[in-house]
Structure formats: C-alpha cells, structure tokens
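Analysis of the macromolecular model
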Amino acid sequence: SGYNCAKLLDDYFNKKPAKIALLTCSSSYISGRDRDIATKKVLQEQFPHLHIVAHERFTLRNYAYGACMKMIKEYPDIQGIYVTWEDPAIQTISALMDAGREDIKIVTGDLDTEVANGHLIIGMSAQMPYDQGEELAYAVANVLLGKRVSKVIGVEPLLVTAANLEEAWYVMTKEKAPQSIVNSLTETRKKEKMRIEKNSKWKTK
C-alpha cells in the first residue's frame with residue numbers, strides 16, 4: 001500500500017518535483033502504521049523529488065480536519081497529501097474545500113463510496129475485502145483439518161484511479177459500482193484529460 005500511494009503521487013505530478021505532506025494517525029492500527037512507514041520510506045528513497053515538507057498526526061478520525069487546516073496554514077505551498085485511510089481522507093477533503101484549497105490533491109488507502117466520489121482524491125491503494133475473506137475462510141478450513149497456517153494473512157492491495165475505478169470496484173466486491181460513482185467518473189475523467197492535455201501543450205512550448 002505504501003508503494004502504491006507514493007507511486008500515485010509520482011504519476012500525478014508527472015515525475016516532477018512537488019511538495020508533499022503526510023497526515024497520519026498517532027494511534028493507528030498495525031496495518032495503517034505499516035502503510036504510513038512504507039509510504040514515507042518509498043517517497044524518500046525512490047521518489048526524492050517529492051519533498052515531504054510537513055507531517056501532522058491526528059488522534060481520532062474527526063481531528064483530521066483540524067490537523068489538515070493547521071498544516072496548510074503553516075505550509076501553504078503543499079501540493080499533495082497522503083492520508084492513512086478513507087475516513088480521515090474524507091475529513092481532509094472537507095478541510096481543503098472549506099479552506100478554498102481544491103488545488104491540493106489526496107492519496108489514501110482503502111476505498112468506499114464517499115472516497116470514490118471525492119474529486120480531490122487522485123488515487124487509492126485499496127484493500128481487497130472479498131479476496132481477504134476467501135483467504136481467511138481457507139485458513140479456517142485448514143486449521144479445522146489440522147493443518148498449520150500463517151499467523152498473518154494478507155492480500156496484495158489494488159492501485160485504483162479514476163481510470164480503473166469502475167472495474168476495480170467489481171474486482172474488490174464482486175458487485176457493480178454504485179451509479180453515483182459511475183456518474184462522477186465521467187466528470188473526473190474529463191478533468192483529468194484536460195489536465196494531461198494542458199501539461200502536454202506546456203511541454204511542447
């Protein structure tokens with residue numbers, strides 16, 4: 001997940017220098033903490049042109065709003081923010097919109113309907129709940145059969161952007177994406193196409 005989040009930022013800024021902030025939970029569960037550590041490490045080691053200029057921690061989901069506000073006031077030149085998981089990412093969206101800073105983009109882990117519809121989210125490293133459930137079921141069956149299983153069971157996360165969101169939703173849940181997501185994708189893809197075309201024209205000048 002950490003690599004995916006860092007890669008999403010690098011892709012969005014087209015491998016050019018950018019100022020990045022980290023917004024993490026001070027008491028995060030182990031998988032969230034590991035994701036935070038990995039994201040920071042990958043940014044520093046593999047994408048050093050993405051400069052980490054700020055790192056704020058929140059203690060509860062709703063406090064992410066205040067932490068984000070504090071961060072962008074102290075570091076107004078922030079261009080992208082990594083947020084540990086989807087609930088605080090939603091609070092971060094609210095903070096950026098209230099502050100009139102919709103130019104700042106967000107990457108996060110996990111995926112739900114609100115995050116998928118959030119226009120400031122450029123991508124997610126999404127968990128695979130259906131596949132995870134299958135793996136856990138197999139593990140339980142093997143234990144009942146007297147077989148040894150790993151103490152840690154994980155499934156590789158899926159890198160999700162507007163380009164593959166609809167398909168990724170089905171891969172993750174084995175259900176079609178909600179109509180609200182399908183509708184919002186049209187506008188998101190239009191904006192992304194315009195941004196890419198603008199960058200391409202700028203390169204040719």
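Every value quoted in this text rests on a predicted model; they were computed, and no experiment measured them.

What counts, and at which threshold
- Residues numbered from 1 in each chain as written.
- Predicted model: local features only at pLDDT ≥ 70, side-chain atom pairs only at ≥ 80, totals over all residues.
- Heavy atoms only, no water.
- Helix = DSSP H or I, 4+ residues; strand = E, 2+ residues; numbered from the N terminus.
- Buried < 20%, exposed > 50% of the residue type's maximum accessible area, 1.4 Å probe, protein only.
- Contact = heavy atoms within 4.5 Å.
- Areas by Shrake-Rupley, 256 points an atom, 1.4 Å probe, with all protein chains shown as cover.
- Phe/Tyr/Trp six-rings, centres within 6.5 Å; stacked < 30°, edge-to-face > 60°.
- Pairing = 2+ DSSP bridges.
- Axes fitted to C-alpha atoms, helices over the stretch in contact; angles between N-to-C directions.
- Salt bridge = Lys/Arg side-chain N within 4 Å of Asp/Glu carboxyl O.

Some details on the overall build of the protein chain
Secondary structure assignment for the protein chain yields eight helices and six strands. Listing every helix and strand of the protein chain by position from the N terminus yields α-β-α-β-α-β-α-β-α-β-α-β-α-α. Residues classed as buried in the protein chain amount to 40% of the 205 residues present. Sequence separation of at least 24 residues holds for 69% of the intrachain contacts in the protein chain that already meet a minimum separation of 6. Of the accessible surface of the protein chain, which amounts to about 11,600 Å², a share of 55% is contributed by carbon and sulfur atoms.

Remarks on the environment of Ile-181
Residue placement: Ile-181 occurs in helix H8 (residues 179-204). Here the alpha-carbon distance between Ile-181 and Ala-162, two residues 19 residues apart in the chain, equals 9.9 Å.

Remarks on the environment of Leu-136
Here Leu-136 shows up in helix H6 (residues 129-144). Measuring from C-alpha to C-alpha, the distance between Leu-136 and Ile-153 comes to 7.2 Å, with 17 residues separating the pair along the chain.

Details of the packing of aromatic side chains
The tally for this structure, following the rule as stated, stands at three aromatic pairs. Between Tyr-12 and Phe-13, the aromatic rings sit 5.1 Å apart at their centres with planes inclined by 90 degrees, giving edge-to-face as the arrangement. Neither residue differs from the other here; Tyr-12 and Phe-13 are each classed as buried. Ring centres 6.0 Å apart and planes at 50 degrees place the aromatic pair Phe-58 and Trp-85 in the tilted group. Pair noted here: Phe-58 is in strand S2 (residues 50-58) and Trp-85 is in the loop between strand S3 (80-83) and helix H4 (86-98), with a separation of 27 residues, a long-range link. Each member of the pair Phe-58 and Trp-85 is classed as buried.

Some points on the pairing of strand S5 (residues 121-126)
With respect to burial, S5 is a largely interior element, six of its six residues being buried. Bridge analysis of strand S4 (residues 105-109) against S5 gives four bridges, and the strand direction is parallel. Residue pairing for S5: Thr-108 is matched across the bridge by Met-124. Where S5 meets strand S6 (residues 158-160), three bridges bridge the pair, whose relative direction is antiparallel. Opposite Met-124, over in S6, you have Val-160 as the bridge partner.

Regarding the sheet that holds S4
Strand order in the open sheet formed by six strands is S2-S1-S3-S4-S5-S6, and the pairing between neighbours is mixed. On the outer flanks of this sheet lie S2 and S6, each paired with one strand and no other. Taken pair by pair, the neighbouring strands of this sheet meet at an average axis angle of 15 degrees, ignoring direction. Pairing of S3 with S4 involves four bridges; the strand directions are parallel. Looking at the pairing, Gly-80 lines up with Lys-105 of S4.

Notes on the pattern of salt bridges
In the structure shown here, the tally under the stated rule is seven salt bridges. Between Glu-56 and Lys-70 there is a salt bridge, and its shortest N-O distance comes to 2.9 Å. Within this pair, whereas Glu-56 is found in strand S2, its partner Lys-70 is found in helix H3 (residues 63-74), the two being separated by 14 residues in sequence. Using a relative accessible area of 41% as the deciding quantity, one classes Lys-70 as partly exposed. Residues joined by salt bridges that share partners form a network here, namely Lys-7, Asp-10, Asp-11 and Lys-15.

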